[in-house]
Amino acid sequence: SFVVDENRLIGTAKITIEPGKDFTLSFHGLSITGSLLRYENGSEHELLDLQEVLILPPADKTRTLFLSYEKQVVNEFDNLISPAGISLTSSWFPVPEDPMSFKLNAFLPENFQAIVEAEEFPLSRKGNSLTAHFSQPATALHFTAGPYLTDRKMVRDGLYVYSMFFQEDKDLAEEYLEAAAGYINRYEKEIGPFPYNHYVIVANRLPTGYGMPTYTLLGQMVLRLPFIKDTSLGHEIVHSWFGNAVRVDVSEGNWCEGLTAFLA
């Protein structure tokens, strides 16, 4: 949940740790306010003096880790919490070293719409409470919310592209949707089936150009540049295949940028 007037996030995490492997979790940029490690037999204990990284040795039983935390975002390049919008792309929850599947519950400010990597779009919602589930293993999620207007266009049976633009940029939506549908139709012929159930073009208050699983996050000022839908948009859509569905081991180099630029 969010206290937007204070630029603050309040969160809890419930993490299932499979048996037989060690577990590493990063808290960089977070204030941990509570912790509990519960074992399969029901025993539990509090973890004290947590620093920026937690490393748990292997155990022969499943364990569940509970954490409560807060984060205040002030003058960060890649995160924003404000009455004008929310953009969280780095260190906004305890981040695991190994990929995991995610379920997210969020309570939104009034009149905000939101997106995160998820199996479906629009996200399941009751009032200002939403739920999202992402089954593709990942080490991080990216969360964006704001007073968005949403439009959509059919690519083909079973696949839609959506736009989430602010009121002042709503007139750009139609051309972006038309371009995105054209790109996906082209790349499905050249590469293979689109790897997700939907694709969303999202405006960001911050100056970004990111391609995440299921959506791209483009800075509001970037969206207004007339050439972006003919250049950068196609590049970010190709990342759906290479960089997201097929991930990169960054320790071995970033091969997918060259391949994505070539295909786009």
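This text gives an overview of the structure that appears in the document. (Residues numbered from 1 in each chain as written. Predicted model: local features only at pLDDT ≥ 70, side-chain atom pairs only at ≥ 80, totals over all residues. Heavy atoms only, no water.)

**With respect to the environment of Y39**
Argument step 1. Its place among the elements puts Y39 in strand 4 (residues 31-39).
Argument step 2. For Y39 and V202, which are 163 residues apart along the polypeptide, the C-alpha to C-alpha distance reads 41 Å.
Argument step 3. Ignoring sequence-local partners within four residues, the contact set of Y39 consists of H45, T62 and R63. (Helix = DSSP H or I, 4+ residues; strand = E, 2+ residues; numbered from the N terminus. Contact = heavy atoms within 4.5 Å.)

**Some details on the layout of surface pockets**
Argument step 1. By volume, the largest pocket is sized at about 760 Å³.
Argument step 2. In terms of lining residues, the largest pocket is bounded by 26 residues, among which T12, A13, K14, K103 and L104 are the most central.
Argument step 3. When grouped by side-chain class, the residues that make up the lining of the largest pocket number 17 nonpolar, seven polar and two charged.
Argument step 4. What the second largest pocket holds in volume is close to 640 Å³. (1 Å grid on protein atoms, 1.4 Å probe; cavity = no way out; pocket = protein on both sides within 12 Å on 5 of 7 lines; lining within 4 Å. Points joined across faces, edges and corners; volume = space filled by probe spheres on them. Nonpolar A, V, L, I, M, F, W, Y, C, P; charged D, E, K, R; others polar.)

**Digging into the sheet that holds strand 5 (residues 44-45)**
Argument step 1. Within the open sheet, the five strands sit side by side as 1-2-7-4-5. Their pairing is antiparallel. At either margin of the open sheet sits one strand with a lone partner, and together these are strand 1 (2-3) and strand 5.
Argument step 2. Bridging between strand 4 and strand 5 involves two bridges; their strand directions are antiparallel. By the bridge assignment for strand 5, L37 is matched with H45. (Pairing = 2+ DSSP bridges.)

**Details of the sheet that holds strand 11 (residues 100-107)**
Argument step 1. The three strands lie next to each other as 11-14-13, forming an open sheet whose pairing is antiparallel. Looking at which strands have only one partner, the edges of the open sheet turn out to be strand 11 and strand 13 (124-126). Within the sheet, the average angular offset between the axes of one strand and its neighbour, ignoring direction, is 20 degrees.
Argument step 2. Here three bridges tie strand 13 to strand 14 (residues 129-138), and the two strands are oriented antiparallel to one another. Bridge pairing links S124 to T131 in strand 14. (Axes fitted to C-alpha atoms, helices over the stretch in contact; angles between N-to-C directions.)

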